[in-house]
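# Residue-level structural notes
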Amino acid sequence: MNLPKLSRERLAQIVAGDIAPGSYVNLGIGMPTLVADCLPPERGVILHSENGILGMTRLPEGEPVDVDVINATKEPVALLPGASITDHVVSFSMMRGGHLDLTVLGAFQVSQAGDLANWDTGSPDSIPAVGGAMDLAAGARRVLAMMQHVDRDGAPKIVPECTYPLTGRGVVDRIYTDLAVIDVTAQGLVVRAMVQGLDRAALQAATAVPLIFDPACGALRP
Amino acid sequence: MLNKVVPSLEEAVAGIPDGATLLIGGFGASGVPTELLQALLAAGARELTVVNNNAGNGEPGLSQLIRAGRVRKVICSYARSSNPRKPNAEAFAEWYAAGRIELEVVPQGTLAERLRAAGAGIGPFFTPTAYGTRLAEGKETRVIDGRGYVLEQPLHGDVAFVKAHLGDGWGNLTYRYAGRNFGPVMCMAARLAVAQVDRVVGVGGIAPEAVMTPGIFVQRVVERPNEPA
């Protein structure tokens, strides 16, 4: 089945467009790092990194790399005027103490209750590695999951219960996929917008949980 | 006159016993005390429990200790190589697959906070991080005012190795940019904190308000200038 869908870059633009100026934001590893490219400094969104940096941006082409100025993915970054650097205790106090306005995290699965699975496949030959994912999931004020709507085999990633090991229980507020923007609410999963040209039945068929469609459900330009 | 500066790496790592719990600063390649680790390899301590955010940073340093069979257990948040094309923790992966090294996975913020608790005289503490997940299994949990928490234990080190920028005879330290990461909290959490510094300055050479780790938390300082890039 060939559904109309958003490119990763377009999805990153949509996520970035929903982030208010002045927000303090941590972007998780993987697809969420693309969101940084859509948040130039003039947008006034302040990016945080686990290793203590607050106020970073992409390293301009040709600028020298400094091993001590890196993001959580260990890529070189640049410091903005106004940036600060702290140790790990203070940096994780920003994350765990509810000071970050939001985080965008990649996901293997999200459940209808907002459970997030994004750190381990549970495969016996993989080395379990969590990094700061559980701290962000538990501590950020808003948690946005950003992922493909279905996995490589076409199986839905929005599920009644996660089968992968959990990162946090009931933590996801909103899901951004290449097909739709969906809020996790007490009433269930509410579709706020879907990609242009996709019909509701097709979106429901790609989702393992019953969807509620917002009467004002918008269309996402691919 | 108080002088914590020691003249050699050998003296900086002297007296570290077998079975020690060793806290190692660093995040990625930033703030890693590689030369202290290599000096410890030469000194020969075995059966080490290592606390580090990662399980290796390329071949020099921790990976060498692992390959030499000196490390019994690693306590860390991210033991996988971050980039499969540039693996940083291959030695750990091989030894782990062979069942020759133990791993305790700790969420990164819980790792920092367990170290802080140890350094600040705090006992076990409740945190919502990891509640309802596999990493809470076997730990006491409690629901307080409707929110679930996991009881976590302080994490004390016998020894800490950190990499700092400037150090003085009193043990005061500064760090370069994000090279600070786990350095300050690990110095606090260990009985013997050893700092390798880019440059030793005279006492008073660091402005008091610029000191990032006060000397009370540091027992030895050794100068190890950065190799020119």
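Please refer to the structure placed before this passage.
Throughout what follows, the structure given in this document is the object of discussion. (Residues numbered from 1 in each chain as written. Chains lettered and ligands numbered in written order. Predicted model: local features only at pLDDT ≥ 70, side-chain atom pairs only at ≥ 80, totals over all residues.)

### What about the overall build of chain A?
Looking only at helices and strands, chain A has 5 helices and 13 strands in total. Overall size of chain A, expressed as C-alpha extent along the three principal axes, is 50 × 40 × 30 Å. Taking all 222 residues of chain A together, the buried fraction comes to 48%. Long-range contacts, defined here as pairs at least 24 residues apart, represent 65% of the contacts in chain A between residues at least 6 apart. (Helix = DSSP H or I, 4+ residues; strand = E, 2+ residues; numbered from the N terminus. Buried ≥ 20, exposed ≤ 12 C-beta atoms within 10 Å, placed from the backbone. Contact = placed C-beta atoms within 7 Å.)

### Considerations on the interface of chain B and chain A
Counting residues at the interface gives 36 residues for chain B and 32 residues for chain A. Elements represented by at least two residues in the side of chain B that touches chain A include exactly α4 (90–97), α5 (108–120) and α6 (183–189) of chain B. Sorting elements by how many residues they give to the side of chain B that touches chain A places α5 of chain B first, with 5 residues. Taken together, the residues of the side of chain B that touches chain A sort by class into 18 nonpolar, 12 polar and 6 charged. (Nonpolar A, V, L, I, M, F, W, Y, C, P; charged D, E, K, R; others polar.)

### Some remarks on the pairing of strand β7 (residues 147–152) of chain B
Residues and elements named next belong to chain B. Strand direction decides the pairing type here: strand β5 (residues 125–127) and β7, joined by 3 bridges, are antiparallel. Its bridge partner lying in β7, Phe 126 is registered against Leu 151. In this structure, the hairpin formed by strand β6 (residues 141–144) and β7 is closed by a connection of 2 residues, where Asp 145 is found at a positive phi of approximately 50 degrees. (Pairing = 2+ DSSP bridges.)

### Digging into the packing of helix α2 (residues 34–43) of chain B against helix α3 (residues 59–67) of chain B
For any two helices packed against each other, one specifies the inter-axial angle together with the distance between the axes. Residues and elements named next belong to chain B. Two elements in contact, α2 and α3, have axes whose closest approach is 8 Å; the angle formed by their N-to-C orientations is 30 degrees. Comparing the axis directions of α2 and α3 gives the class roughly parallel. When you trace α2 past α3, the crossing you get is left-handed. Touching Thr 34, Leu 37, Gln 38, Leu 40 and Leu 41 of α2 are Pro 60, Gly 61, Leu 62, Gln 64 and Leu 65, all from α3. (Axes fitted to C-alpha atoms, helices over the stretch in contact; angles between N-to-C directions. Parallel < 35°, antiparallel > 145°, perpendicular 65-115°, else oblique. Left-handed = near helix turned anticlockwise from the far one by under 90°.)

### Some details on the environment of Cys 76 of chain B
Residues and elements named next belong to chain B. With respect to the element layout, Cys 76 can be found in strand β3 (residues 71–76). A count of 26 C-beta atoms within 10 Å places Cys 76 in the buried class. Measuring from C-alpha to C-alpha, the distance between Cys 76 and Val 51 comes to 5.9 Å, with 25 residues separating the pair along the chain. With residues up to four places along the chain from it excluded, the contact list for Cys 76 reads Asn 52, Asn 53, Asn 54 and Ala 55.

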